[in-house]
Amino acid sequence: QLEGLCSFLQLSTCPEPLLVCFCSWLLALTPNLSYTSAAILAEQLFLQRVLSLTQPPSRHLLAAIASFCSKYSQPFCRVLVAAVLQDPGEGTEPTKLVCELVEECLEPDCVRLVLSQVLELSLSEELLSVMQAVLGRQVRALVSPGFHAGSSKEQLSSQLGALFQEVLPPELFDHLVLTLCQQAPAFSTSLNYAKLVTSMLILYQSQVS
(Lines give C-alpha, C1' and ligand atoms only; values in the text may rest on other atoms or scores of the structure.)
Protein backbone atom coordinates (compact mmCIF):
# COMPACT_ATOMS: atom_id res chain seq x y z
CA GLN A 1 0.00 0.00 0.00
CA LEU A 2 2.82 2.42 0.85
CA GLU A 3 4.59 1.68 -2.42
CA GLY A 4 1.34 2.36 -4.28
CA LEU A 5 0.87 5.64 -2.44
CA CYS A 6 4.44 6.70 -3.25
CA SER A 7 3.84 5.88 -6.90
CA PHE A 8 0.55 7.80 -6.91
CA LEU A 9 2.26 10.84 -5.37
CA GLN A 10 5.20 10.45 -7.79
CA LEU A 11 7.65 10.84 -4.94
CA SER A 12 10.50 9.30 -6.91
CA THR A 13 10.36 12.16 -9.42
CA CYS A 14 9.05 15.08 -7.39
CA PRO A 15 11.12 18.32 -7.47
CA GLU A 16 13.99 18.18 -5.02
CA PRO A 17 12.91 21.27 -3.00
CA LEU A 18 9.62 19.44 -2.30
CA LEU A 19 11.63 16.37 -1.35
CA VAL A 20 13.32 18.39 1.40
CA CYS A 21 9.93 19.51 2.72
CA PHE A 22 8.56 15.97 2.60
CA CYS A 23 11.52 14.59 4.57
CA SER A 24 11.12 17.33 7.18
CA TRP A 25 7.46 16.33 7.50
CA LEU A 26 8.48 12.67 7.91
CA LEU A 27 10.75 13.56 10.82
CA ALA A 28 7.85 15.22 12.62
CA LEU A 29 5.59 12.17 12.37
CA THR A 30 4.70 10.34 15.57
CA PRO A 31 5.01 7.53 16.19
CA ASN A 32 8.15 6.89 14.15
CA LEU A 33 7.91 4.94 10.92
CA SER A 34 8.47 1.20 11.13
CA TYR A 35 11.73 -0.15 9.74
CA THR A 36 9.88 -1.64 6.75
CA SER A 37 8.07 1.62 5.96
CA ALA A 38 11.29 3.62 6.25
CA ALA A 39 13.06 1.18 3.93
CA ILE A 40 10.30 1.48 1.34
CA LEU A 41 10.45 5.28 1.52
CA ALA A 42 14.24 5.28 1.23
CA GLU A 43 13.90 3.28 -1.97
CA GLN A 44 11.04 5.34 -3.39
CA LEU A 45 12.48 8.74 -2.50
CA PHE A 46 16.17 8.31 -3.24
CA LEU A 47 17.23 5.13 -5.03
CA GLN A 48 16.76 6.16 -8.65
CA ARG A 49 17.89 9.72 -7.96
CA VAL A 50 21.17 8.49 -6.50
CA LEU A 51 21.86 5.69 -8.99
CA SER A 52 21.28 8.06 -11.91
CA LEU A 53 23.66 10.77 -10.66
CA THR A 54 26.13 11.93 -13.31
CA GLN A 55 27.24 15.04 -11.46
CA PRO A 56 27.48 16.01 -7.78
CA PRO A 57 24.09 15.97 -6.05
CA SER A 58 22.27 19.25 -5.54
CA ARG A 59 22.16 20.89 -2.14
CA HIS A 60 18.45 20.04 -1.96
CA LEU A 61 19.08 16.34 -2.51
CA LEU A 62 21.89 16.35 0.04
CA ALA A 63 19.68 18.15 2.54
CA ALA A 64 16.84 15.67 2.01
CA ILE A 65 19.15 12.66 2.45
CA ALA A 66 20.76 14.16 5.56
CA SER A 67 17.33 14.85 7.01
CA PHE A 68 16.10 11.32 6.33
CA CYS A 69 19.30 9.75 7.69
CA SER A 70 19.09 11.74 10.90
CA LYS A 71 16.26 9.43 11.96
CA TYR A 72 16.21 6.45 9.59
CA SER A 73 19.84 5.79 8.70
CA GLN A 74 19.72 2.01 9.21
CA PRO A 75 17.02 1.31 6.59
CA PHE A 76 18.63 3.91 4.32
CA CYS A 77 21.93 2.03 4.45
CA ARG A 78 20.30 -1.37 4.05
CA VAL A 79 18.42 -0.27 0.95
CA LEU A 80 20.16 2.56 -0.83
CA VAL A 81 23.79 2.31 0.22
CA ALA A 82 23.73 -1.45 -0.35
CA ALA A 83 22.41 -0.91 -3.89
CA VAL A 84 25.17 1.59 -4.71
CA LEU A 85 27.86 -0.69 -3.32
CA GLN A 86 26.61 -3.67 -5.29
CA ASP A 87 26.21 -1.83 -8.60
CA PRO A 88 27.48 1.77 -8.67
CA GLY A 89 26.97 1.98 -12.45
CA GLU A 90 29.39 3.54 -14.89
CA GLY A 91 29.75 6.90 -13.16
CA THR A 92 31.52 7.72 -9.90
CA GLU A 93 28.99 10.13 -8.38
CA PRO A 94 26.87 7.55 -6.50
CA THR A 95 29.98 6.15 -4.81
CA LYS A 96 31.26 9.65 -4.03
CA LEU A 97 27.94 10.39 -2.36
CA VAL A 98 28.23 7.28 -0.20
CA CYS A 99 31.75 8.38 0.81
CA GLU A 100 30.42 11.83 1.72
CA LEU A 101 27.65 10.31 3.82
CA VAL A 102 30.16 8.09 5.61
CA GLU A 103 32.48 11.01 6.31
CA GLU A 104 29.94 13.64 7.30
CA CYS A 105 26.48 12.26 7.99
CA LEU A 106 26.12 8.68 9.24
CA GLU A 107 26.41 7.67 12.88
CA PRO A 108 29.25 5.27 13.86
CA ASP A 109 26.98 2.20 13.96
CA CYS A 110 25.85 2.86 10.39
CA VAL A 111 29.42 3.46 9.27
CA ARG A 112 30.30 0.03 10.59
CA LEU A 113 27.27 -1.36 8.77
CA VAL A 114 28.51 0.15 5.51
CA LEU A 115 31.95 -1.37 6.01
CA SER A 116 30.46 -4.79 6.73
CA GLN A 117 28.44 -4.48 3.51
CA VAL A 118 31.59 -3.63 1.56
CA LEU A 119 33.45 -6.63 2.95
CA GLU A 120 30.75 -8.97 1.64
CA LEU A 121 31.53 -7.90 -1.93
CA SER A 122 34.39 -8.40 -4.35
CA LEU A 123 36.59 -5.34 -3.89
CA SER A 124 36.99 -2.66 -6.55
CA GLU A 125 38.59 0.78 -6.67
CA GLU A 126 35.20 2.31 -5.88
CA LEU A 127 34.78 0.12 -2.80
CA LEU A 128 38.31 0.91 -1.66
CA SER A 129 37.35 4.59 -1.63
CA VAL A 130 34.39 3.80 0.63
CA MET A 131 36.65 1.84 2.99
CA GLN A 132 39.06 4.77 3.02
CA ALA A 133 36.19 7.09 3.98
CA VAL A 134 35.40 4.80 6.93
CA LEU A 135 38.97 4.82 8.21
CA GLY A 136 39.37 8.50 7.35
CA ARG A 137 36.76 9.35 9.98
CA GLN A 138 38.85 7.62 12.60
CA VAL A 139 42.07 9.29 11.49
CA ARG A 140 40.43 12.72 11.72
CA ALA A 141 39.11 11.91 15.19
CA LEU A 142 42.56 10.73 16.29
CA VAL A 143 44.37 13.85 15.08
CA SER A 144 41.59 16.24 16.10
CA PRO A 145 42.91 19.61 17.34
CA GLY A 146 40.83 19.04 20.46
CA PHE A 147 43.30 16.42 21.70
CA HIS A 148 45.92 18.52 23.49
CA ALA A 149 47.45 18.85 26.90
CA GLY A 150 45.32 21.86 27.80
CA SER A 151 42.03 20.03 27.48
CA SER A 152 39.95 19.61 30.60
CA LYS A 153 39.07 16.15 31.93
CA GLU A 154 35.52 16.59 30.68
CA GLN A 155 36.71 17.57 27.20
CA LEU A 156 39.14 14.68 26.98
CA SER A 157 36.50 12.25 28.21
CA SER A 158 34.05 13.45 25.57
CA GLN A 159 36.67 13.35 22.80
CA LEU A 160 37.91 9.90 23.78
CA GLY A 161 34.33 8.66 23.99
CA ALA A 162 33.67 9.92 20.46
CA LEU A 163 36.86 8.27 19.20
CA PHE A 164 35.98 4.99 20.94
CA GLN A 165 32.64 4.98 19.11
CA GLU A 166 34.48 5.20 15.79
CA VAL A 167 36.89 2.32 16.51
CA LEU A 168 36.05 -0.91 14.69
CA PRO A 169 35.01 -3.90 16.81
CA PRO A 170 37.59 -6.74 16.76
CA GLU A 171 35.61 -9.10 14.53
CA LEU A 172 35.01 -6.41 11.90
CA PHE A 173 38.65 -5.29 12.06
CA ASP A 174 39.84 -8.88 11.60
CA HIS A 175 37.51 -9.28 8.62
CA LEU A 176 38.91 -6.08 7.11
CA VAL A 177 42.53 -7.16 7.55
CA LEU A 178 41.86 -10.62 6.13
CA THR A 179 40.06 -9.16 3.11
CA LEU A 180 42.84 -6.68 2.37
CA CYS A 181 45.50 -9.38 2.66
CA GLN A 182 43.61 -11.69 0.32
CA GLN A 183 43.03 -8.94 -2.21
CA ALA A 184 46.53 -7.40 -2.07
CA PRO A 185 47.86 -8.93 -5.35
CA ALA A 186 44.95 -7.44 -7.32
CA PHE A 187 45.74 -3.92 -6.05
CA SER A 188 49.54 -3.90 -6.18
CA THR A 189 49.54 -0.61 -8.13
CA SER A 190 46.47 0.95 -6.54
CA LEU A 191 46.87 4.33 -4.84
CA ASN A 192 43.55 3.82 -3.03
CA TYR A 193 44.81 0.53 -1.60
CA ALA A 194 48.06 2.15 -0.44
CA LYS A 195 46.13 4.97 1.28
CA LEU A 196 43.87 2.45 2.97
CA VAL A 197 46.77 0.43 4.36
CA THR A 198 48.45 3.64 5.57
CA SER A 199 45.29 4.64 7.42
CA MET A 200 45.14 1.22 9.06
CA LEU A 201 48.75 1.47 10.21
CA ILE A 202 48.06 4.89 11.73
CA LEU A 203 44.99 3.71 13.58
CA TYR A 204 45.79 0.11 14.46
CA GLN A 205 49.57 -0.15 14.44
CA SER A 206 49.67 -2.27 17.59
CA GLN A 207 47.18 -4.75 16.11
CA VAL A 208 48.74 -5.18 12.66
CA SER A 209 51.72 -7.50 12.50
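From a predicted model like this one, the values you see are computed outputs, not experimental measurements.

1. Considerations on the confidence of the model for the protein chain
This prediction gives the protein chain a mean pLDDT of 85; 86% of its residues lie at or above 70. The spread of mean pLDDT over the elements of the protein chain runs between helix α8 (residues 153-166), the lowest at 51, and helix α4 (residues 59-86), the highest at 95. The low-confidence segment residues 156-162, where pLDDT is below 50, has seven contacts with residues more than four positions distant or belonging to other chains.

2. Brief notes about helix α5 (residues 93-104)
Since there are 3.6 residues in each turn of an α-helix, residues three or four apart along the chain are aligned in direction. In this model α5 runs 16 Å from its N-terminal to its C-terminal C-alpha over 12 residues, within 8% of the 16 Å that 1.5 Å per residue would give. Along α5, the residues that are buried comprise Glu93, Pro94, Thr95, Leu97, Val98, Cys99, Leu101 and Val102.

3. Re unusual backbone geometry
Cis geometry marks the peptide bond from Thr30 to Pro31, where omega comes out at -5°. You can see Pro31 is positioned in the loop between α2 (16-28) and α3 (35-51).

4. Considering the side chain of Glu93
Along the chain, the position of Glu93 falls in helix α5. You can call Glu93 buried: its relative accessible area is 10%.

Criteria and cut-off values
Residues numbered from 1 in each chain as written. Predicted model: local features only at pLDDT ≥ 70, side-chain atom pairs only at ≥ 80, totals over all residues. Heavy atoms only, no water. pLDDT = per-residue confidence, 0-100. Helix = DSSP H or I, 4+ residues; strand = E, 2+ residues; numbered from the N terminus. Contact = heavy atoms within 4.5 Å. Expected span 1.5 Å × (residues − 1). Buried < 20%, exposed > 50% of the residue type's maximum accessible area, 1.4 Å probe, protein only.

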